Amino acid sequence: MPKTSVWKTRVGTQILMGKITDITQIGIDRIPCAQVRCQMNEFNIYLKKYFARSFDFWALDKTSLGNIGDTVLIKQIDGSSRPKANVSHAVDRVVFKFGNIVDPVTGRKIFNDTFADEIDLKKVLVEEVVDKPLEEESMLFEERRALQIRRLEQEKEANV
Amino acid sequence: MPFMHGSMPLRRTFFYLQQGKVKLRDNVNVFSMGFHKNPTPEQSGARDFVYWNWAQLQYHNPKVQLVKHADKVVTPFARAYLNDGREVLFDLDGMKREEIEKLLAKTLGKTELVERREHLESIAKLNPADFGSKNERQCMCEVQGQHPCTGLLRAPQCVTGKYRWNHNLI
């Protein structure tokens, strides 16, 4: 019987995805480095379930691509180009910018689980879509709301 | 007692983990997936895939880093990063769980020929003379003609280490 029920993760460290938790500068040249927290799944043979466990890697960031909170892709660099022994990776690209999430499929900016341009469209059309049905006083709330939604859909189709 | 109800007794078995069909290629290093915890009907396929097939995917691809992006973007997506830095992006909007599984197995999975060749290579590596905790034969005493374990039957003095190397000093 092993001492623990957890199978250690076997994820290769060649290319990893993680979140930047810290940024510092090293050496006399003050080279920017990012501490990237990468999650890997470890298997518990007693529960037959995978648990995510985080590992911290230091990654070179010579062009200051990432900021704290960004989700980045880091690549392992060979020993000769490492400025320090524990800096084993380099930031390759930023996958998700913190506070500026872009949908990878449609390329549109996301704000609070909604597309940002749809919010802008609603803001522009608020007078035309929302206020005009208010003038007809006899309508109930649900009818008024349905009319507003229908007008908004028409404006969306007109804009596309 | 709650373990007997619902989907938990199905998902927490080795048999279930071995049923996974998606075996990614060797050049896939990172596989990330964006899904929603409270999905709309268009997003429920990705959510079901993560719920049912994520553990199977990790079990069959232990060297691939699997990353979840929950409630981050509107459209459910899957993105794989290959060795040479290229990305493969999947749009999973409006797809069912079975369709997602087939799509991944078709686009990024190993072909049947590759799987068969790897299986045959692993068979060729087996040596029937090996024994130990990571081999088919756990202990040498299982072989007919070998001396049983000394916990069961005392060994003659001439083959014990205490006699052969320590000269019975203790």
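Residues numbered from 1 in each chain as written. Chains lettered and ligands numbered in written order. Predicted model: local features only at pLDDT ≥ 70, side-chain atom pairs only at ≥ 80, totals over all residues. Heavy atoms only, no water.

Per UniProt, chain B goes by the name Small ribosomal subunit protein mS25 and belongs to Caenorhabditis elegans. As its UniProt record puts it under Sequence similarities, chain B is described as follows: "Belongs to the mitochondrion-specific ribosomal protein mS25 family." (UniProt positions renumbered as here; feature names shortened; annotations may be inferred.)

In the annotation of UniProt, chain A is listed under the name Small ribosomal subunit protein uS17m and assigned to Caenorhabditis elegans. Note on chain A: under the UniProt heading Sequence similarities, the record states "Belongs to the universal ribosomal protein uS17 family."

A few words now on the overall build of chain A. Broken down by element type, chain A carries three helices and eight strands. Put simply, chain A runs from its N terminus to its C terminus through helices and strands in the order β-β-β-β-β-β-β-β-α-α-α. Taken across its 160 residues, chain A has 34% of its residues classed as buried. A separation threshold of at least 6 residues defines the contact pool for chain A, and within that pool the share at least 24 residues apart is 49%. When the accessible surface of chain A is totalled, it reaches about 10400 Å², and 51% of it is carbon and sulfur. (Helix = DSSP H or I, 4+ residues; strand = E, 2+ residues; numbered from the N terminus. Buried < 20%, exposed > 50% of the residue type's maximum accessible area, 1.4 Å probe, protein only. Contact = heavy atoms within 4.5 Å. Areas by Shrake-Rupley, 256 points an atom, 1.4 Å probe, with all protein chains shown as cover.)

Once that is clear, we can look at unusual backbone geometry. Of note, the phi angle at A:Arg30 is positive, near 55 degrees, even though the residue is not glycine. With respect to the helices, strands and loops of the structure, A:Arg30 is situated in the loop between strand E2 (15–26) and strand E3 (31–44).

For the structure shown, the criterion picks out eight aromatic pairs over all chains. The side chain of B:Arg11 reaches across the aromatic face of B:Tyr51, ending 3.9 Å from its centre. Against the face of A:Phe96 rests B:Arg79, its NZ or CZ located 5.9 Å from the ring centre. (Phe/Tyr/Trp six-rings, centres within 6.5 Å; stacked < 30°, edge-to-face > 60°. Lys NZ or Arg CZ within 6 Å of the ring centre and 35° of its normal.)

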